[in-house]
Amino acid sequence: MTRPVPKKIIITISLLAAGFAVLFGVGLRGSLVYYLTVSEFLERRAEDLGDNFRVNGNVLEGSIERTPGAIGARFIATDGAHRLPVVYAKETPDTFVDGSEIVVEGQLGPDGVFVAHTLMAKCPSKYEAQNRESDYKAPATSAGPAGQDPASR
Amino acid sequence: MPDFGSFCLLLALATGGWAVVASYNGWRTASGTLIRSAERAIYATWGLVALAVVTLEYCIFTDRFDLEYVASYSNRTLDARYKFAALWAGQSGSILFWLFILVCYAAIVVVLNRRRNRPLMPLVITTFGVVAIFFLLLVNFMSRPFVSLAFTPADGNGMNPQLQNPFMAIHPPCLYLGYVGLTVPFAFAMAALATGRLNDTWFRTTRRFTILSWFFLGTGIVLGGWWAYVELGWGGYWAWDPVENASLIPWLTCTAFLHSVMIEERKKMLRVWNLSLVIMSFLLSILGTFITRSGIISSVHSFTKSDIGPLFAGFLGLCIVVSVGLLLHRLPELRSQNRLDSFVSRESTFLFNNLLLVGAAFAILWGTLFPILSEAVRGVKITVGAPFFNEVTVPITLALVTLCGICPVIAWRRATPNKLLNKLMIPLAGMILTTVGLLAAGMRNIFALVSLSLTMFVVVTTIMEFVWGTRARRTATGEATGRAFLSLVDRNKRRYGGFIVHLGVMLIIIGIVGSTAFRQEIVATVARGESFSIGRYTLRFEDMERRDLPNFEFQGARLAVFDGGRPVGSLVPGQNFYRAGQDPSTEVDIHHTLREDLYLIMIGFEPQQGRATVKAYLNPLLNWIWIGSAITILGAWYAMLPDLRDRKRQADSRLRELERHAA
């Protein structure tokens, strides 16, 4: 013979569930950020997609400029097809070098330069890409995303 | 040598396959011979995988750069410790390592249960075997560690310097021991469902493994945070990165499971819930490693895709179908006769505890998977930022903290409000005193006030548990206080170990609150002799410092530190410039005190003007996170120690089983 679940428990669980739903909704609303490649971002720029974007690309070789004495850097993000100038005003991570894969989050400024408030550069080692034939890169070549690239820098 | 390794792995696939076939058929036909053969197959698989691991390590240590894996992750001058760790530095090596831990667990479980749990063991072996086969397939065909290069390079690429850190070296093994350990209760749950033996044997017998997994997962998470803090140099320890979340989510469901089994033990309730939790934890651990490796979710740990994703997805799908199917099949038998007696009872606090933990896990999972879901639905990736995770987990954590304080005090079945309030008097007083004290000290941050007061409430409740328990024992047995205390905690290791864990977790929360709510930061550019201040500290730039080491050169800025005028030494944040040509790495310097951390990053140096740019963080109470973690670890260890009562119960149940066989 089974007894029914106390009504208070059901009410509390429902309240909890409702609370979760509210938390979710509020939390999500403030935190959704489109994640686009450089080309996608430049295409969609005209649409009104809101403020914050995450753009994924690679650092164009030789494009990193730093001002001595100041933190941050200017560089050009590219996905091979298009280029996007970016300026970032905080200290850059160690993995941020020529060719490294990056994700920046921020907004496009009026002058066409992307103002990033977050910069992530790919974490070293760990599991390499499918595109490369081998994890191993001979010292002679130096192109390609950072990771286990040795020597020549 | 490498061929030998590949051969071992291929053979292991065969023995693993036989383990599955023999154990399953052994169960179907109740053939002891087949089952014994399956057990030996598990041992054989273990031996073969162990040989493969030893082979790979041998190749690493003998600088076999003709192997792609060795050339990618090691070099001649790499320190021996990190050569050892190179085993799990790359994709294929880490899968082999996961497989090795899996077969170790399998072999240990088989050995420990040579004469026990005989009805369940065959299908336990089957489950282990199936999981092992998946990883064996990966390591034999999709992600092979013993691939040769067309040529032999003179030296390898070496391990990235940021990973050459003791904590980073043991962080993956720790996490794997945790993740893989969840396979143990899962295997027993599968066996229980398939055989219809749905009493509490399956989780009693695996309880220590579950606590062990929980412990390793938690430690791995903390180690990752510690490494991020001291090595990565962005001043923080947790970024809600998908890979970080992937380890946190199964830890949360595992925590829920550790609590809810206590209800099943006492009241034979929540059986479906517990089985679901165990299945979920296992699936989440596989999902976790899938997220980390496949690159389907962008993260600082992995951006690009790899092709082992579909296989993982397929395996996950298979596991879901089989486990949910079995669960549904047994649903009628699992319905319990008992119901919750009252809203105000320990059972209900456990229930709410579980709902909150699983709710948090689900929320974090949702936020982490959102980009994939949005891409599937709307064709564009939408990521969820840190604010979502913080907004969702903070209220849930505070609710959990409150339960932590109420639950030990509230009675089973039905608590009388009067008695409850009586016991809560002292903790509530402690909480109010804390709030008043903090307000008087000038704290106005609501979040901090609420959090710190609630955690203090729990700390007092937990300490009172020790006090009341000792007092009760003293009254009952007449022992002296000291002796009563010792025998109390000795006879109830799980209970009091659990309370120590709660205390540790409260300290962690205090550390998180302090370092989040009251953090300060400043960036300053100073010439030699110039100073700047943050909080109570004044920092004066003395000079640049240079150190020559065999593998790198260190350049840093030496700053003299003054704590409100009193000199406390100097900090030298800087950078390592590697001779092998790898990119320079930031080396932060930290002044640790119990009260706070003074954390310095050197941003840059201008040689001409002789000025250094330094960023300083003040992280109040941050070290309580590590102290609390250590206490949590000790508590978990204590809870895992054998109990007199458990041994007696085991002996009794073994006796009953023998009697049943004899009858």
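Since this is a predicted model, take the numbers as computed values, not measurements.

Asker: Hey, could you go over the overall build of chain B for me, with residue numbers and the actual values?
Answerer: When you go through chain B residue by residue, the secondary structure sums to 20 helices and eleven strands. Over its C-alpha trace chain B gives a radius of gyration of 27 Å, about what one expects of a compact globule, namely 26 Å for 663 residues. A principal-axis box enclosing the C-alpha atoms of chain B has dimensions of 90 × 75 × 55 Å. Relative to its full complement of 663 residues, chain B shows a buried share of 51%.

Asker: Residue-level account of the overall build of chain A, with values.
Answerer: Counting its secondary structure elements, chain A contains two helices and six strands. Taken from N to C terminus, the helices and strands of chain A fall in the order α-β-α-β-β-β-β-β. The buried share of chain A, taken over its 153 residues, is 36%. In chain A, the proportion of contacts linking residues at least 24 apart, taken out of those at least 6 apart, comes to 43%.

Asker: Report on helix 14 (residues 386-406) of chain B, specifying residues and quantitative values.
Answerer: Note that an α-helix has 3.6 residues per turn; residues three or four places apart therefore point the same way. Taking 1.5 Å per residue as the helical rise, helix 14 of chain B with its 21 residues ought to reach 30 Å, and the 30 Å between its terminal C-alpha atoms agrees with that figure. Within the sequence span of helix 14 of chain B, burial applies to B:Phe388, B:Phe389, B:Val392, B:Thr393, B:Ile396, B:Leu400, B:Val401, B:Leu403, B:Cys404, B:Gly405 and B:Ile406.

Asker: Explain the pairing of strand 9 (residues 589-592) of chain B residue by residue, including any values.
Answerer: For a regular strand, side-chain orientation follows a simple rule: the groups alternate between the two sheet faces. Residues and elements named next belong to chain B. Pairing analysis gives four bridges linking strand 9 to strand 10 (residues 596-606), with the strands arranged antiparallel. For Ile 590, the partnering residue across the bridge sits in strand 10 and is Tyr 599. Taking the residues that link successive antiparallel strands as the turn, the strand 9-strand 10 hairpin has three residues.

Asker: Any details on the domain arrangement of chain B? Residues and values, ideally.
Answerer: Split by domain assignment, chain B resolves into domain 1 (1-159), domain 2 (165-412), domain 3 (416-515 + 629-663) and domain 4 (520-620). Centre-to-centre, using C-alpha coordinates, domain 3 of chain B lies 42 Å away from domain 4 of chain B.

Asker: Hey, could you go over the nonpolar core for me, with residue numbers and the actual values?
Answerer: One finds B:Leu99, B:Leu102, B:Ala106 and B:Phe135 to be the most contacted residues of the largest nonpolar core, which totals 184 residues. Per-element tally for this core: the top contributor is helix 9 (residues 201-232) of chain B, with 15 residues. Every residue in contact with B:Leu99, bar those within four places of it in the chain, is listed here: B:Val49, B:Ala132, B:Phe135, B:Leu136 and B:Val139. If you look at the next biggest cluster of nonpolar residues, it comprises 25 residues, including A:Phe53, A:Val59, A:Leu119 and A:Ala121.

Asker: Give me the confidence of the model for chain A: which residues, what numbers.
Answerer: All names here are of chain A. Confidence along chain A averages 72 in pLDDT terms, with 71% of residues attaining 70 or more. Taken element by element, chain A is modelled with least confidence in helix 1 (residues 7-31), mean pLDDT 79, and with most confidence in strand 4 (residues 83-88), mean pLDDT 91. Low pLDDT, under 50, characterises residues 124-135; the predicted model gives this stretch 33 contacts beyond four residues in sequence or across chains. Low pLDDT, under 50, characterises residues 137-153; the stretch is placed with 42 contacts to residues that sit more than four places away or in other chains.

Asker: Go over helix 6 (residues 121-142) of chain B, please, and point to the residues and values.
Answerer: Taking 1.5 Å per residue as the helical rise, helix 6 of chain B with its 22 residues ought to reach 32 Å, and the 31 Å between its terminal C-alpha atoms agrees with that figure. Burial analysis of helix 6 of chain B places 17 of its 22 residues in the buried class, which makes it a mostly covered element.

Asker: Please provide a residue-by-residue account of the sheet that holds strand 10 of chain B, values included.
Answerer: Residue and element names in this part refer to chain B. Read across the open sheet, the four strands follow the order 2-11-10-9; overall the sheet is antiparallel. A single partner strand is all that each edge strand has here, and the edge strands are strand 2 (520-527) and strand 9. On average, adjacent strands in this sheet sit at an angle of 20° to one another, irrespective of strand direction. The sheet contact formed by strand 10 and strand 11 (residues 611-620) spans ten bridges and is antiparallel. Considered in strand 11, the bridge of Tyr 599 is made with Tyr 617.

Asker: Tell me about the packing of helix 13 (residues 346-378) of chain B against helix 14 of chain B, residues and numbers included.
Answerer: Between two packed helices, what matters for the description is the angle formed by their axes and the separation of those axes. All names here are of chain B. One can describe the packing of helix 13 onto helix 14 by two numbers: an axis separation of 10 Å at closest approach and a directional angle of 165°. Classed by the angle they form, the pair helix 13 and helix 14 counts as roughly antiparallel. Judged by the twist between their axes, the crossing of helix 13 over helix 14 is left-handed. Each of Thr 349, Phe 352, Asn 353, Leu 356, Leu 357, Gly 359, Ala 360, Ala 363, Ile 364 and Gly 367 in helix 13 lies in contact with helix 14, whose residues at this interface are Phe 388, Phe 389, Val 392, Thr 393, Ile 396, Ala 399, Leu 400, Leu 403 and Ile 406. Its residues placed into classes, the contact of helix 13 with helix 14 shows 14 nonpolar, five polar and no charged.

Asker: Break down unusual backbone geometry for me, with residues and values.
Answerer: Residues and elements named next belong to chain B. One non-glycine residue, Asp 63, adopts positive backbone phi at about 50°. Positionally, Asp 63 belongs in the loop between helix 2 (32-61) and helix 3 (68-73). A positive phi angle, close to 50°, is found at Asn 117, a residue other than glycine. Within the fold, Asn 117 resides in the loop between helix 5 (91-112) and helix 6.

Asker: Describe the confidence of the model for chain B, naming the residues involved and giving the relevant values.
Answerer: Residue and element names in this part refer to chain B. The predicted model of chain B has a mean per-residue pLDDT of 89, with 97% of residues at 70 or higher. Mean pLDDT values over the elements of chain B span from 77, in helix 20 (residues 644-662), up to 95, in helix 2. The ipTM assigned to the predicted complex is 0.71, against a pTM of 0.87.

Asker: Account for the environment of A:Ser31, with residues named and values stated.
Answerer: Structurally, A:Ser31 can be placed in helix 1. Separated by 21 residues in the primary sequence, A:Ser31 and A:Asn52 have C-alpha atoms spaced 9.2 Å apart. Apart from the residues within four sequence positions on either side, A:Ser31 is in contact with B:Val384, B:Gly385, B:Pro387 and B:Phe388.

About the criteria used
- Just so you know, the residues in each chain are numbered from 1, in the order the chain's sequence is written.
- The order in which chains are written sets their letters, starting at A; the order in which ligands are written sets their numbers, starting at 1.
- Only residues with pLDDT of at least 70 are given local features in this predicted model, and only at 80 or more are side-chain atom pairs given and counted; all residues enter the totals for whole chains, interfaces and linings.
- Only DSSP runs of H or I reaching four residues or more are called helices, and only runs of E reaching two or more are called strands; each is numbered from the N terminus.
- Only the C-alpha atoms count toward the radius of gyration. The rule for a globule is 2.2 Å times the residue count to the power 0.38.
- Counting other C-beta atoms within 10 Å of each residue's C-beta, where C-beta atoms are placed from the backbone, gives the exposure class: buried for 20 or more, exposed for 12 or fewer, partly exposed between.
- Once C-beta atoms have been placed from the backbone, residue pairs whose C-beta atoms lie within 7 Å are recorded as contacts.
- By definition here, a helix of n residues has an expected span of 1.5 Å times n minus one.
- A pair of strands is treated as paired once DSSP finds two or more bridges between them.
- Residue ranges labeled as domains rest on an automatic or database domain assignment.
- Linking buried Ala, Val, Leu, Ile, Met, Phe, Trp, Tyr and Cys residues through C-beta atoms within 7 Å yields a set, and such a set is a nonpolar core.
- Values of pLDDT, ranging from 0 to 100, describe the predictor's confidence in every residue of the model.
- Axis definition: a line fitted to C-alpha atoms, over the contacting stretch in the case of helices. Angles run 0 to 180 degrees between N-to-C directions.
- Between 65 and 115 degrees an angle is taken as roughly perpendicular, under 35 as roughly parallel, over 145 as roughly antiparallel, and anywhere else as oblique.
- Whether a crossing is left-handed or right-handed is set by the direction in which the near helix is turned from the far one by less than a right angle, anticlockwise for left-handed and clockwise for right-handed.
- For this classification, the nonpolar set comprises Ala, Val, Leu, Ile, Met, Phe, Trp, Tyr, Cys and Pro, the charged set comprises Asp, Glu, Lys and Arg, and every other residue, Gly included, is treated as polar.

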